[in-house]
Amino acid sequence: MTGFFIALISGALMSIQGIFNTQVTKASGIWAASSFVQLTALLTCLGAWFGMERGSLLKVFSVEPKYMLLGGVFGALITFTVVKSMALLGPAKAVLIIVVSQLAVAYLTELFGMFQVDRQPFEWRKAIGLAIAVAGMVLFKWES
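The structure presented is a predicted model; accordingly, all values stated were derived computationally and were not measured.

The rules behind the values
- Residues numbered from 1 in each chain as written.
- Predicted model: local features only at pLDDT ≥ 70, side-chain atom pairs only at ≥ 80, totals over all residues.
- Heavy atoms only, no water.
- Helix = DSSP H or I, 4+ residues; strand = E, 2+ residues; numbered from the N terminus.
- Buried < 20%, exposed > 50% of the residue type's maximum accessible area, 1.4 Å probe, protein only.
- Contact = heavy atoms within 4.5 Å.
- Areas by Shrake-Rupley, 256 points an atom, 1.4 Å probe, with all protein chains shown as cover.
- Polar contact = N/O pair within 3.5 Å; in protein donor to acceptor, adjacent residues only side chain to side chain.

A.B. asks: Give a detailed account of the overall build of the protein chain, specifying residues and quantitative values.
C.D. replies: Counting its secondary structure elements, the protein chain contains 5 helices and 0 strands. When the elements of the protein chain are put in sequence order from the N terminus, they spell out α-α-α-α-α. The C-alpha extent of the protein chain, read off along each of the three principal axes, is 50 × 45 × 30 Å. When the 144 residues of the protein chain are sorted by exposure, 15% land in the buried category. A fraction of 56% describes how many contacts in the protein chain between residues 6 or more apart in sequence connect residues 24 or more apart. Just so you have it, the protein chain exposes about 10,700 Å², and 74% of that area is on carbon and sulfur atoms.

Next up, the structure:
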């Protein structure tokens, strides 16, 4: 149950962050805003590490395969794409499409066992759930 509540908080924070970042972008430009977002994220993470963990920061480089270190690149691209989609579609439509995309990619990642994730068997109920999510996205986006 704890994981469920943490996931709910994560989704709420992502939506609010996207709105905040879109407003900062209007004042400064997308790459300046994205740089600021990533810088404040770095400072927050370093503060949390300093206050809680204090293990070696260099241990991150022991991860295999090395392409797993590209999370920060994805973070920058996520900031860019969330801001642009919210500016073009509005927060509700953008977040709905983002969440459905996340669900589809996560399910395919499990289904095919990509990126060192344990492979899961195909289940019709999950495929139907994904199809319902896509249908909901289409219905939500549908304009008369």
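Moving on from the model shown.
A.B. asks: Explain the side chain of T22 to me, and be specific about the residues and the numbers.
C.D. replies: Looking at where T22 falls in the secondary structure, it is placed in helix α1 (residues 2-28). For T22, the side chain forms a polar contact with the main-chain oxygen of G18, separated by 2.7 Å.

A.B. asks: I'd like a rundown of the side chain of T79, residues and numbers included.
C.D. replies: Tracing the sequence through the fold places T79 in helix α3 (residues 71-89). A relative accessible area of 7% means that T79 is categorised as buried. Each residue touching T79, except ones within four places of it in the same chain, is listed here: N21, S34, V37 and Q38.

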